[in-house]
Amino acid sequence: MDGMLIALIVVAVVLVAVVLGVIIHKSVHREDDNDPFATTECNLKVKDAYLNKSEAYFYAFVNKHLSSQYYIMAKVGVDNLVDPTNYDLRQYNAIKAKYIDFVIFDSKEQKPIVAIDLVERSVGSKNPYFDKDIAAALGLIKLPIWTKFVEHVYVWELIEGEFKKYLPQNDKEEVAAQDKKEEQTDTSATEIVTDLEKDKKG
């Protein structure tokens, strides 16, 4: 009987010690638990690549040929393009953590011209448009979406022709005027060369 009583006392003491230990541990580490960087343990690593091969190739190609009047950015957070207009944050919260593959901006105004969704053809055949919430948000702010299929080889003249469709009207007129000026310059240069050839023959 005495042995059983002693055993119960020992068990009770152990249980009390365990409970007290847990309480003390939680009180000491409560602040650390709320601070994910209080520990020196690293649970992060650098991504293998910011862009996949298709994205990197498309970005490098467009960035190389795009006029200085515009610039392209990759993986643009939608919250960097829009702001809420009132206390109703439901639309903003639905898209704030999402991103767009690429966005082309106007260099002078710093405003987005077109959002680009780069799509593999196998995926695009099933679902040609990206996230429906992003599409809805961009529709509300009237930012056009350009669904561009991944290609093994890109031709700048074709991409430029597609891009011009999304330019604001005043930009289209400016680009058209610049193209016409370049055509006139090329024609003048051709005429000069022709005249020189005639003089040589004469």
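Now for a description of the structure that goes with this document. All residue numbers refer to positions counted from 1 along the written sequence of the respective chain. Given that this is a predicted model, residues contribute local features only at a pLDDT of at least 70 and side-chain atom pairs are listed and counted only at 80 or more, while totals for whole chains, interfaces and linings are drawn from all residues. The basis for the side-chain values is all heavy atoms of the structure; hydrogens and waters are excluded.

Things to note about the sheet that holds strand 4 (residues 145-149)
By definition, two strands form a pair when at least two bridges between them are found by DSSP. Numbering of helices and strands starts at the N terminus; helices are DSSP runs of H or I of at least 4 residues and strands are runs of E of at least 2. Read from one edge of the open sheet, 4 strands run 1-2-3-4, paired in mixed fashion. Single-partner strands in this sheet number two, and they are strand 1 (70-77) and strand 4. Strand-to-strand twist of the sheet, defined as the mean angle between neighbouring strand axes without regard to direction, takes the value 30°. Relative to strand 4, strand 3 (residues 112-119) is paired through 5 bridges, and the arrangement is parallel. Residue pairing across strands places Asp117 opposite Thr147, the latter belonging to strand 4. Throughout, a residue-residue contact means that at least one pair of heavy atoms, one from each residue, lies within 4.5 Å. To obtain each axis, a line is fitted to C-alpha atoms, and for helices this fit is confined to the stretch in contact; angles are then taken between N-to-C directions over 0 to 180 degrees. The sheet strands contacting helix 2 (residues 53-65) are strand 1, strand 2 (99-106), strand 3 and strand 4, and the helix crosses strand 1 at an angle near 155°.

Quick look at the side chain of Asp106
With respect to the helices and strands, Asp106 occurs in strand 2. The buried label goes to any residue with under 20% of its type's maximum accessible area, the exposed label to any with over 50%, and the partly exposed label to all in between, with areas taken from a 1.4 Å probe on protein chains only. His is not counted here, nor are the chain ends, while Lys and Arg score as positive and Asp and Glu score as negative. Salt bridges are identified by distance alone: a Lys or Arg side-chain nitrogen within 4 Å of an Asp or Glu carboxyl oxygen. Buried Asp106, no salt bridge; nearest opposite-charge side chain is Lys108, N-O distance 7.6 Å. Within the structure, Asp106 has its side chain in polar contact with the backbone nitrogen of Lys108 (distance 2.9 Å). Polar contacts, as counted here, are pairs of nitrogen or oxygen atoms within 3.5 Å of one another; within protein the pair requires one atom able to donate a hydrogen and one able to accept it, and residues that are adjacent in sequence qualify only if both atoms are side-chain atoms.

Here we look at the nonpolar core
To form a nonpolar core, buried Ala, Val, Leu, Ile, Met, Phe, Trp, Tyr and Cys residues must be joined to one another through side-chain atoms within 4.5 Å. Grouped together as the largest cluster of nonpolar side chains are 21 residues, with contacts concentrated most on Phe58, Leu66, Ile72, Ile104 and Phe163. Elements supplying a minimum of two residues to this core: helix 2, strand 1, strand 2, strand 3 and helix 6 (156-164). Top element by residues in this core is strand 3. It accounts for 4 residues. Within the second largest apolar cluster, 15 residues are counted, among which are Ile95, Ile100, Val103 and Leu138.

Some words on the pattern of salt bridges
In this structure the tally under the stated criterion is 5 salt bridges. A salt bridge links Asp131 to Lys98, with the nearest nitrogen and oxygen atoms 3.0 Å apart. A residue pair is termed long-range when its members are at least 10 positions apart, and Asp131 in the loop between helix 4 (121-124) and helix 5 (132-140) and Lys98 in the loop between helix 3 (90-95) and strand 2 qualify at 33 residues. As a salt-bridge pair, Lys148 and Glu162 come within 3.1 Å of each other at their nearest N and O atoms. Of the two residues, Lys148 is situated in strand 4 and Glu162 in helix 6; the sequence distance between them amounts to 14 residues. Under the relative-accessibility criterion, Lys148 is labelled buried at 8%. A relative accessible area of 23% places Glu162 in the partly exposed class. A cluster of three or more residues bridged by salt bridges with shared partners is formed by Lys98, Asp131, Lys132 and Asp133.

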